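Notes for the structure review
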Amino acid sequence: MFALLLLDKRYRVLHFHKTPNSTLTTAYPRDIIQRALRCKASTVVLARGFPSEKPRCDRTEVKLVKTLKVLLALADVRLLDHIGIARTGYMSLAERGQL
């Protein structure tokens, strides 16, 4: 499951978009940016469900998130975090200093 949380400048929720059969690697950056611009969001939070016990991002996913952060910045939209959620907890790239 992949989700996109679109926020305004005060971090109020403008829109929540969930795609059950999608992941960050199958989501198109263009679609994410278009949704953010359509909702006039200034901030985006990405979230992904992990089927395993522990949420872990591989190097490819971290690289994709960093690329998306740069692309969103070009549209004047801030990527606040990428959160992975599993049965036993969560993982935040921002908390880990990887964003």
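Since we're looking at a predicted model, the values are computed, not measured.

Before going further, it helps to spend a moment on the confidence of the model for the protein. Scored by pLDDT, the protein comes out at a mean of 86, with 91% of its residues at no less than 70. Confidence scores differ between elements of the protein, with strand β5 (residues 89-92) showing the lowest mean pLDDT of 88 and strand β4 (residues 78-86) the highest of 91.

A few words now on the pairing of strand β2 (residues 13-19). Every regular strand shows the same layout, with side chains that alternate between the two sheet faces. Two elements, strand β1 (residues 2-7) and β2, share six bridges in a ladder whose sense is antiparallel. Note on β2: the bridge partner recorded for F2 is T19.

The next point concerns unusual backbone geometry. In this structure, Y11 takes a positive phi of about 65° despite not being glycine. As for its placement among the helices and strands, Y11 is situated in the loop between β1 and β2. Looking at Y11, the relative accessible area reads 44%, which means it is partly exposed. Of note in the backbone geometry, D76 takes a positive phi value of approximately 65° without being a glycine.

Rules and cut-offs
Residues numbered from 1 in each chain as written. Predicted model: local features only at pLDDT ≥ 70, side-chain atom pairs only at ≥ 80, totals over all residues. Heavy atoms only, no water. pLDDT = per-residue confidence, 0-100. Helix = DSSP H or I, 4+ residues; strand = E, 2+ residues; numbered from the N terminus. Pairing = 2+ DSSP bridges. Buried < 20%, exposed > 50% of the residue type's maximum accessible area, 1.4 Å probe, protein only.

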